[in-house]
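Coordinate inspection notes
Residues per chain, in single letters:
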Amino acid sequence: MMGALQDARYSSGSIKTFLAKSQNTMYSLAQIAQSNQTSAGALAAQMSSAAAQKRYAEQVALMAKLNPVHSNFNPPRELDPFIYFEDGSSIDTDRNILTMSNGKQIDTITGLKYHDPKSIISMANGAYLDTQNNILTMADGTRIDTITGLTITV
């Protein structure tokens, strides 16, 4: 623009030449403004696309973390609730009790004789009474038949 003014001052140009040069300068400035606007729009679109891709990747990673894909998953086999043996004994795998063919029950975890907790009365001195079998077990391990009063030896 300054060049056009300078040309008009020192040259013998006409107003027509001045206006033509001014118009060319205006078109150049308009093109620069338009290029800046186009570049800003392209940058905004590019940043928007990058942000959308980043959000999508984060969501995919979160879904993969929350819902992992199990391949070749085989559920563990559970034991049958009761296992029966040829000699007539059985194991209750839910309560872990081995019942012998003679009716004697053994706790499979401790290996000790099983006493139904509902039929046991605990005494303050450490003794307990088995009401199902009518046996009083003293704190020192002595077992007494409550019906006959005799000491049981095994």
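Summary of the structure given here. (Residues numbered from 1 in each chain as written. Predicted model: local features only at pLDDT ≥ 70, side-chain atom pairs only at ≥ 80, totals over all residues. Heavy atoms only, no water.)

Brief notes about the side chain of aspartate 92
- Within the fold, aspartate 92 resides in strand S2 (residues 90-92).
- With a relative accessible area of 8%, aspartate 92 lands in the buried category.
- Within the local environment of aspartate 92, its side chain forms a polar contact with the side chain of arginine 95, the two groups lying 3.1 Å apart.
- Those residues in contact with aspartate 92, other than ones at most four positions away along the chain, are Pro81, Phe82 and Ile97. (Helix = DSSP H or I, 4+ residues; strand = E, 2+ residues; numbered from the N terminus. Buried < 20%, exposed > 50% of the residue type's maximum accessible area, 1.4 Å probe, protein only. Polar contact = N/O pair within 3.5 Å; in protein donor to acceptor, adjacent residues only side chain to side chain. Contact = heavy atoms within 4.5 Å.)

Describing the environment of glutamine 132
- Looking at the element boundaries, glutamine 132 is found in the loop between strand S6 (128-130) and strand S7 (135-137).
- With sequence-adjacent residues up to four places away left out, glutamine 132 is seen in contact with Asp116 and Ser119.

A closer look at the sheet that holds strand S5 (residues 120-122)
- Taking strand neighbours across the sheet as the criterion, the five strands line up as S5-S6-S7-S8-S9 in an open arrangement whose pairing is antiparallel. For this open sheet the edge positions go to S5 and strand S9 (151-152), each flanked by a neighbour on one side alone. (Pairing = 2+ DSSP bridges.)

A look at the sheet that holds strand S4 (residues 105-107)
- Spatial ordering of the open sheet is given by S1-S2-S3-S4, a layout of four strands whose pairing is antiparallel. Looking at strand neighbours, the two that pair on one side only are strand S1 (82-84) and S4, the edges of this open sheet. Put simply, the sheet's adjacent strands are angled 20° from each other on average, direction ignored.
- When S1 meets S2, the two strands line up antiparallel, connected through three bridges. Bridging across to S2, tyrosine 84 finds its partner in serine 90. (Axes fitted to C-alpha atoms, helices over the stretch in contact; angles between N-to-C directions.)

Side note on the environment of tyrosine 114
- When you line up the elements, tyrosine 114 lands in the loop between S4 and S5.
- Judged by relative accessible area, which is 18%, tyrosine 114 ranks as buried.
- For tyrosine 114 and threonine 25, which are 89 residues apart along the polypeptide, the C-alpha to C-alpha distance reads 106 Å.
- When sequence neighbours within four positions are dropped, the list of residues in contact with tyrosine 114 reads Arg95, Ile97, Gln105, Ile106 and Asp107.

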